[in-house]
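Coordinate inspection notes
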Amino acid sequence: MTTTREATNQNWAPRFFTLWGGQALSLFGSQLVQFAIIWYLTLKTNSATTLAIASLMGLLPQVVLSPFIGTWVDRGNRRAILISADATVALATMVLVGLFALGRAEIWHIYGLLLIRAVAGGFHQSAFGASVVLLVPKEQLARVQGFNQALYGGLNIISAPLGAFLYATMPMQGILSIDVVTALIAITILLFIQIPQPERGAATKATFWQDFMAGFRYILAWRGLLIVLAMVMVINFFFTAVESLTPILISKHFQGDAQQLGWWQAMFAIGTIIGGILLGAWGGFKKKVVTAQLGLVLLGLATTIIGLTPPELFWLGLAANTLAGFVLPITNGSYGAILQSVIAPEMQGRVFAFIMSAATLVSPLGLIIAGPVSDAFGIQLWFWVSGITCAIMGVAGFFIHEVMQMEEEKKDLATEPLSIESC
């Protein structure tokens, strides 16, 4: 069996970037579909509540299933999980292709597809994230995180305007079919790539629930992470809805169409590319938590500007949106590098899943509230309140000792017997 030691091999790059490329292609197809579906719902319903429900379908599996998914990932074959997740998305999308081709597609069909994609995506995200630390040397993790964020931004530059063009020139079933093809390509690449498994030793005798509780205890012992999670929960209560309500901001407030939405997403992606490349080349400050907290402050300020921008100054909102895209990969990449570098490889799947579940726990409530509030009081209110909240959380982190010392705290803690065998 291949083990965690392979991550130190000097020849890690060809295998990792081959896998990375296949998953990027699949992501590109998914982004095209996501754009088309969201704009379809926007034009068909013109309702913030509808978009909030659509986002809720994508969030519920993260909140409810992530801890269990992470445990399954740590116990299972990660390549097989990736293949199964991609195949599930392809099959579900094919069903919706048929419904649109027959003229039988309904809003609840789209909700169902989004829910299935979210479940499969939860397995995929957990398995891929847990595999990265086994494929990439620790000293390269921050840079890989940066370039990974830049890749996603680059795909957005292409997928948003292309999605708008395809929506105007192709039927929905044609756009959906692209996602099926890219998923099949990603599966084919996975069939020829070996992904190392973590060394478990005596832990192979542990039951599912022992594994599950080991991840839970691992997080509870990390005080700095618990405080950061509480801050992120506050931010996500508002920010999950910000992303979901953006099409309504464009169509209602700025009086735009699919082309304006495409430019909005493309400029955000340009910012993401620049920020990701900067993090990839720079690696952030020596204390990565400083980079992450500063990113939160700037993200909050940019979002506040968007919320205060009058309808006739679309360019100002676009500039602030680009700034938000720039700081997002720096923030997320820095936090991701902290966690990947200090969490034991055999714990990565379930610990990241617990973190994801906790971080998104309040997001469904935010979506439920944001839709009706925005319909009643205007879409901009949610944006500037979200921005101010994010900036406050970013500043507050600098004054909390446990947050600023979380890297050092966890490095010491990681040497303690918190592994699965202790359960």
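Residues numbered from 1 in each chain as written. Predicted model: local features only at pLDDT ≥ 70, side-chain atom pairs only at ≥ 80, totals over all residues. Heavy atoms only, no water.

**Topic: the side chain of Thr 322**
Note that Thr 322 resides in helix H11 (residues 314-342). Excluding residues that lie within four positions of it along the chain, Thr 322 makes contacts with Met 267, Phe 268 and Gly 271. (Helix = DSSP H or I, 4+ residues; strand = E, 2+ residues; numbered from the N terminus. Contact = heavy atoms within 4.5 Å.)

**Comments concerning helix H13 (residues 363-377)**
Helix length check: H13, at 15 residues, gives a terminal C-alpha distance of 20 Å against a target of 21 Å (1.5 Å per residue), a fit within 8%. In H13, a bend of some 25° at Ala 370 exceeds every other bend along the element, and Pro 372, a proline, comes one to four places later. What H13 keeps buried is the set Ser 363, Pro 364, Gly 366, Leu 367, Ala 370, Gly 371 and Ser 374. Looking at the buried side of H13, the elements it contacts are helix H2 (48-75), helix H8 (223-253), helix H12 (348-359) and helix H14 (379-397). (Expected span 1.5 Å × (residues − 1). Bend = angle between axes of the 7 residues up to and from the residue. Buried < 20%, exposed > 50% of the residue type's maximum accessible area, 1.4 Å probe, protein only.)

**Examining the nonpolar core**
Grouped together as the largest cluster of nonpolar side chains are 57 residues, with contacts concentrated most on Ile 37, Leu 41, Phe 100, Ile 110 and Trp 264. Ranked by residues supplied to this core, first place goes to helix H1 (residues 12-45) with 11 residues. The residues contacting Ile 110, other than those within four sequence positions of it, are Ile 37, Tyr 40, Leu 41, Leu 96 and Phe 100. Core analysis: the next-biggest nonpolar cluster, separate from the first, contains 35 residues, Ala 214, Leu 339, Met 393 and Val 403 among them. (Core = buried A, V, L, I, M, F, W, Y, C linked by side-chain atoms within 4.5 Å.)

**Notes on the pattern of salt bridges**
One pass over the full model with this rule turns up 2 salt bridges. Between Asp 179 and Arg 117 there is a salt bridge, and its shortest N-O distance comes to 2.6 Å. You can see Asp 179 sitting in helix H6 (residues 172-190) and its partner Arg 117 sitting in helix H4 (residues 107-135), a full 62 residues away along the chain. When its relative accessible area of 11% is taken as the criterion, Arg 117 is described as buried. With a closest N to O distance of 3.1 Å, Glu 402 and Arg 223 form a salt bridge. Here Glu 402 is found in helix H15 (residues 401-404), whereas its partner Arg 223 is found in helix H8, with 179 residues between them in sequence. Using a relative accessible area of 22% as the deciding quantity, one classes Glu 402 as partly exposed. (Salt bridge = Lys/Arg side-chain N within 4 Å of Asp/Glu carboxyl O.)

**Quick notes on the environment of Gly 21**
Position of Gly 21 relative to the elements: it lies in helix H1. Gly 21 gets classed as partly exposed once you look at its relative accessible area, which sits at 35%. Sequence separation of Gly 21 and Ala 186 is 165 residues, and the distance between their C-alpha atoms is 8.3 Å.

**Considering unusual backbone geometry**
Although it is not a glycine, Gln 255 sits at a positive phi angle of roughly 55°. Take Gln 255: it is sitting in the loop between H8 and helix H9 (258-282).

**Structural notes on the confidence of the model for the protein chain**
Across the protein chain, the average pLDDT comes to 81, with 90% of residues at or above 70. The low-confidence segment residues 1-8 (pLDDT under 50) makes 20 contacts with residues lying over four places distant or belonging to another chain. Segment residues 411-423 is flagged for pLDDT under 50; beyond a separation of four residues in sequence, or across chains, it makes 25 contacts in the model. (pLDDT = per-residue confidence, 0-100.)

**Looking at the environment of Ile 379**
Tracing the backbone shows Ile 379 in helix H14. For the pair formed by Ile 379 and Thr 246, sequence separation is 133 residues and the distance between their alpha carbons is 8.7 Å.

**A short note on the packing of aromatic side chains**
A full pass over the atoms with the stated rule returns 9 aromatic pairs. Taking 4.9 Å as the distance between ring centres and 85° as the angle between the ring planes, the aromatic pair formed by Phe 237 and Phe 238 counts as edge-to-face. Of the two residues, Phe 237 and Phe 238, both sit in the buried class. Taking 5.5 Å as the distance between ring centres and 50° as the angle between the ring planes, the aromatic pair formed by Phe 238 and Trp 382 counts as tilted. Residue Phe 238 is located in helix H8, and its partner Trp 382 is located in helix H14; the two are separated by 144 residues in the primary sequence. Grouping residues by exposure puts Phe 238 and Trp 382 together as buried. (Phe/Tyr/Trp six-rings, centres within 6.5 Å; stacked < 30°, edge-to-face > 60°.)

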